[in-house]
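Results of the structural survey
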Amino acid sequence: MPEQEPGRIGVTETRMPGEPAMPTNADEAREWIRLYTEIIDFEESILARMREMSRTLPPEVRGEVDESNITPMEELIARYRNRVDELEQVLRSIFPAEEQPAGRG
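Residues numbered from 1 in each chain as written. Predicted model: local features only at pLDDT ≥ 70, side-chain atom pairs only at ≥ 80, totals over all residues. Heavy atoms only, no water.

Considerations on the overall build of the protein chain
Using the following cut-off: Working definition: helices are DSSP H or I runs of at least four residues, strands are E runs of at least two. Numbering for both runs from the N terminus. Categorising residues by exposure relies on relative accessible area from a 1.4 Å probe, with only protein chains included: less than 20% of the type maximum marks a residue as buried, more than 50% marks it as exposed, and the intermediate range marks it as partly exposed. Between two residues, a contact is recorded if the distance between any of their heavy atoms is within 4.5 Å. To measure how exposed things are, a 1.4 Å probe is used in the Shrake-Rupley method; for residues, cover is taken only from the protein chains shown.
A tally of helices and strands in the protein chain yields 2 helices and 0 strands. Sorting the 105 residues of the protein chain into buried and exposed places 27% on the buried side. Within the protein chain, residue pairs in contact and separated by at least 24 positions form 57% of the contacts whose partners lie at least 6 positions apart. With the model as given, the accessible surface of the protein chain reaches about 6,900 Å², and the carbon-plus-sulfur share is 53%.

Side note on the side chain of Arg15
For clarity, the threshold we go by: In protein, a polar contact means a hydrogen-donor-capable atom and an acceptor-capable atom, both N or O and within 3.5 Å, with residues adjacent in sequence counting only if both atoms are side-chain atoms; elsewhere, any N or O pair within 3.5 Å suffices.
Counting through the fold element by element, Arg15 comes out in the segment before helix 1 (26-54). There is a polar contact of 3.5 Å between the side chain of Arg15 and the backbone oxygen of Glu19.

Here we look at the packing of helix 1 against helix 2 (residues 59-93)
If you want to describe how two helices pack, look at the angle between their axes and the distance between the axes. Note the cut-off: Interaxial angles span 0 to 180 degrees and are taken between N-to-C directions of axes, which are lines fitted to C-alpha atoms, for helices over the stretch in contact. When describing relative orientation, an angle under 35 degrees is termed roughly parallel and one over 145 degrees roughly antiparallel, while 65 to 115 degrees is termed roughly perpendicular and anything else oblique. Here a crossing is taken to be left-handed if its near helix is turned anticlockwise relative to the far helix by less than a right angle, and right-handed if that turn runs clockwise.
Contact pair helix 1 / helix 2: the axes reach a minimum separation of 9 Å and the direction vectors enclose 160°. Relative to helix 2, the element helix 1 lies roughly antiparallel. In the packing of helix 1 onto helix 2, the handedness of the crossing is left-handed.

Focus: the packing of aromatic side chains
Rules: The criterion for an aromatic pair is that two Phe, Tyr or Trp rings (for Trp, the six-membered ring) have centres within 6.5 Å, with stacked assigned to planes under 30 degrees apart, edge-to-face to planes over 60 apart and tilted to the rest.
Applying the stated criterion across every chain yields a total of 2 aromatic pairs. Ring pairing ties together the aromatic residues Trp32, Tyr36 and Tyr80, which thus form one cluster.

Some details on the pattern of salt bridges
Applied cut-off: Definition used for salt bridges: Asp or Glu carboxyl oxygen within 4 Å of a side-chain nitrogen of Lys or Arg.
Tallied over the full model, the rule gives 8 salt bridges. Among the salt bridges present, the one from Glu19 reaches Arg83, with a minimum N-O distance of 2.7 Å. With Glu19 in the segment before helix 1 and Arg83 in helix 2, the pair connects residues that are 64 residues apart, well separated along the chain. Neither Glu19 nor Arg83 differs from the other in exposure class; each is buried. Residue Arg34 pairs with Glu31 through a salt bridge whose shortest N-O separation is 2.6 Å. Taken as a pair, Arg34 and Glu31 lie in helix 1 at a separation of 3 residues, close to a single helical turn. Of the residues examined, Arg34 reaches a relative accessible area of 39% and is grouped as partly exposed. Assessed through its relative accessible area of 34%, Glu31 is described here as partly exposed. Here the salt bridges share partners, and the residues they tie into one network are Glu19, Arg83 and Glu86.

Put into structure tokens, the structure is as follows:
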């Protein structure tokens, strides 16, 4: 994965601060997947609330709110989902023997 310019995740970076370009083992990959998934769940709850509140706004205001808040949040969530997909691919292709924790499968 190419390095990205420093900045906030969802704006210019593909990875979160502190996240390595490539996990060193399956446990590390699974931990980042867990973190991204937790953030996705949180962001989706915020997005649902924003959409609910947006519906109560006058049409001329709703478009601005959608453009400045809802659309960027949808794009952020999509980037997080893409990163989860990338990390899951790493688990399958680079750490296949370690993909499932012991006792599972």
